[in-house]
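What follows is each chain in one-letter form.
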Amino acid sequence: ALSPFLYHQPKINEAPGPTPLIVVFAIVVVGLLGFGITSLFNKYRHSKGSEHQQIRFILFGLGATFGLILLSNLVLVNLFHFTGLIALGPVYMLIFTSSMAYAIIRHHLFDIQAAVARGLAYLLSFASIGIIYSVFALGLSEKIGGGATQSPLQRTFYIGFALVTAFIFPATKKFFDRITNKFFFRDTYDAQRLFSQLNRMLVTSLDTQYLMFQSVSIIQTAFKPEFALIGLRDARNKQRIFSSSKLNIPQDDISRVRALTPKCHTKVIIADDLPPEKHSELKSLMRSNQVAVIVRLAQNMRSNEEGLGYLVLGDKKSGNPYTRSDAAVLETVANELIIAVQNALHFEEIQNFNATLQQKVEDATRQLKRTNAKLEALDETKDDFISMASHQLRTPLTSVKGYLSMVLEGDAGSLNETQRKMLSQAFISSQRMVFLIADLLNVSRLKTGKFVIDWSPVNLSTMIEEEMSQLVDTAESREIKLSYKKPANFPVLNMDETKIRQVIMNFMDNAIYYTPPGGTIVVSLEEKPAAIELRVTDNGIGVPVSEQHHLFTKFYRARNAQKARPDGTGLGLFMAKKVITAQGGAIIFESKEGKGSTFGFTFSKSKLAMSHEAPKTGVAEAKIESKE
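Structure report, in brief. Along each chain, residue indices are assigned from 1 in the same order as the chain's sequence is written. Note on the predicted model: pLDDT of at least 70 is required for a residue's local features to be given, and 80 or more for side-chain atom pairs to be given and counted; whole-chain, interface and lining totals, by contrast, use all residues. For the side-chain quantities, the full set of heavy atoms in the structure was used; hydrogens and water were omitted.

Points about unusual backbone geometry
Peptide bonds are, in most cases, trans, and in most cases residues other than glycine have a negative phi. A positive phi angle is found at Lys224, which is not glycine, with a value near 55°. Put simply, DSSP marks the helices as runs of H or I at least four residues long and the strands as runs of E at least two long, and each gets a number from the N terminus on. Of note, Lys224 is situated in the loop between helix H8 (208-223) and strand E3 (228-233). One non-glycine residue, Glu479, adopts positive backbone phi at about 60°. By the element assignment, Glu479 lies in the loop between helix H14 (472-477) and strand E9 (481-485).

The following block contains the structure:
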């Protein structure tokens, strides 16, 4: 049609010559063609998978077809006046249509299935409406009109029936859509319903096994694949498979696929869309195991990390391929599964940790019980040894102390000053040994339940004076002033004389050894309306606040006390508290590091009233203390 404008009319045996419009035509055609091909080429460079293959065949068809057309219709005609190939234009177009057809059929360029289904639905709808209209409208109109010309009643009937037909067309179309869908879309699903079902299920539990099997069931119901499975790896990289059916995929293939999938850098991997030049091995492994889709349960697609696991689908039972819309839905499903799997695995890890911790605690408890039993046996052996050794040492030490006392008193003759000083030190040391043995025996008796209170009338005021007289020389040798505030009158009390003597001696002995030279020690005994109190106050090294709560425990000694007196045992204060509390009293203790300490005891006078019958409270507490 454009040839009169594009070409001069040729003479006989002469090729048509170009006109000025041919230049414009060529520029427009080449420009539009070049722009289209350039746009497609840019998209081709950035596309992946099936889209990449689709554009490749479109470019091939366009390039081949329009290249040949330009060559035969422009270049050969205008430059060489050769027109023999102009007639091959339809053949060139066949190349383009064939390439487009291959892209449509092989790589799903257009949804032909949807076009056929919708077209058939429209065709059946129109045909049904036409038949209904022909049968009812024309047949009834003949009976209504009865003549060759249309009456007003007939025209009204036609209009009314046409309106009725228009109203029933959507329902007819919907009916045929359902019928055609059964044949052409057997694997269709409602994506929104799929998401809703999956979300409701994922928030119902934190049990990994339940969540994964239910997810597989929901996904399989929607996509209708031959099989579906979810593979997870836990914190120890152990593989776990949750499948709708029993599969026999070789472990070597699974390991190889796990190594290859992170290199795809995409979440949804469809076997048909994998470019063979880049992922030929992965594509081959998927096809050999009838795997159509692998969905990576990973957040970052740019890294080469494997992620939490995979969702694996087989081919659709309908034979239809997985489309881009399927891939988009599966990607959303994967994002929801990732969150659910993370929460479930964390919960499972906590449960496993609790179970492991419980097992470790039980194992440690059993080991501790065995060790404790051994320690108890060793402690019992130690107590037996201490008891035996103390009894064996007490007799000779008593003799040594007695003879030293007699010599110092002049029973064996007069002593010079040096002899008296040396024998006094020996007497003090033997006396300390006697006190130590007494403490050891009391500790042993506490352990064996033989620690009892021997009640007797005691003049506590005189007892303190007697015990102090034994320490006067020791205090003077250390340049310490030792004084006693003796009450004028003091009642006789019912106490265990021997044990109370040990307590008083221990308090005064500690005060002497933990007070530096030049210090003072004041012993005071006071009768109050309802109680009596003994206090031994010094201005010695004191006890650090951080260690005061440990002071009355067995074998414990404060750090500064260890430096001041390395030979101490830590039993004196322990036994003092046991003796006092066993008789119904309470320990008095006040101390400030570097300023001094006060040790003593207090008793209720009603509990220690003069009587041959032991106070009930004292006996009860003595029994309780003996069990410790």
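Section: the packing of helix H7 (residues 191-202) against H8
The convention used is that axes are lines fitted to C-alpha atoms, helices contributing only their stretch in contact, and that angles between N-to-C directions extend from 0 to 180 degrees. With their axes 10 Å apart at the nearest point, H7 and H8 run at an angle of 170° to one another. On the basis of their axis angle, the class for H7 and H8 is roughly antiparallel. Where H7 abuts H8, its residues Leu194, Gln197, Leu198, Met201 and Leu202 lie against Tyr210, Leu211, Gln214, Ser215, Ile218, Ala222 and Phe223. Throughout, the term roughly parallel applies to angles under 35 degrees, roughly antiparallel to angles over 145, roughly perpendicular to angles from 65 to 115, and oblique to all others. Residues are treated as being in contact if the distance between any of their heavy atoms lies within 4.5 Å.

Notes on the packing of aromatic side chains
What counts as a ring pair is set by centres within 6.5 Å for rings of Phe, Tyr and Trp (its six-membered ring), and what kind of pair is set by the plane angle: stacked under 30 degrees, edge-to-face over 60, tilted for all other angles. Taken as a whole and judged by the stated rule, the model has 7 aromatic pairs. Ring geometry for Phe213 against Phe242: centres 5.5 Å apart, planes inclined by 85°, an arrangement best described as edge-to-face. Here Phe213, found in helix H8, pairs with Phe242, found in strand E4 (residues 239-243); they are 29 residues apart in sequence, far enough to count as distant. Buried, partly exposed and exposed residues are distinguished by accessible area as a fraction of the type maximum, computed with a 1.4 Å probe on protein chains only: under 20%, between the cut-offs, and over 50%, respectively. What makes Phe213 partly exposed here is its relative accessible area of 34%. On the basis of relative accessible area, Phe242 is assigned to the buried category, the value being 4%. Arranged with centres 5.0 Å apart and planes meeting at 35°, the rings of Phe589 and Phe599 form a pair that is tilted. With Phe589 in strand E13 (residues 586-592) and Phe599 in strand E14 (residues 596-604), this pair connects stretches of sequence that are 10 residues apart. When its relative accessible area of 11% is taken as the criterion, Phe599 is described as buried. Pairwise contacts between aromatic rings join Phe507, Phe552, Phe589 and Phe599 into one cluster. The criterion is that NZ of a Lys, or CZ of an Arg, lies within 6 Å of the ring centre and within 35 degrees of the ring normal, and then a charge sits over that ring. Positioned above the aromatic ring of Tyr322, the side-chain terminus of Lys316 is 5.1 Å from the ring centre. Seen from the ring of Tyr513, Arg565 lies directly overhead, with NZ or CZ sitting 4.0 Å from the centre.

Topic: the side chain of Asn506
Position of Asn506 among the secondary structure elements: in helix H15 (residues 497-513). Among the residues examined, Asn506 registers a relative accessible area of 14% and is labelled buried. Not counting chain neighbours up to four residues away, the residues in contact with Asn506 comprise Asp439, Gly572 and Leu573.

Points about the sheet that holds E13
Hydrogen bonds between backbone groups are what pair the strands of a sheet, and the pairing can be parallel or antiparallel. Pairing between two strands is assigned when DSSP locates at least 2 bridges connecting them. The mixed open sheet is built from 5 strands, whose spatial order is E9-E11-E12-E14-E13. Where the open sheet ends on each side, the last strands, each with one partner, are E9 and E13. The mean inter-strand angle of the sheet, taken between neighbouring strand axes irrespective of direction, is 10°. Examined bridge by bridge, E13 and E14 share 7 bridges and lie antiparallel to one another.

Overview of the sheet that holds strand E7 (residues 309-314)
Taken together, 5 strands build an open sheet; the order of strands is E4-E3-E7-E6-E5 and the sheet is antiparallel. In this open sheet, the two strands that pair with only one neighbour each are E4 and strand E5 (268-270). On average, adjacent strands in this sheet sit at an angle of 15° to one another, irrespective of strand direction. The pairing of E3 with E4 spans 5 bridges and is classified as antiparallel. Following the sheet pairing, Leu229 is matched in E4 by Ser243. Contacts from helix H10 (residues 276-288) reach E5 and strand E6 (291-297) within the one sheet, and its direction differs from that of E6 by about 120°.

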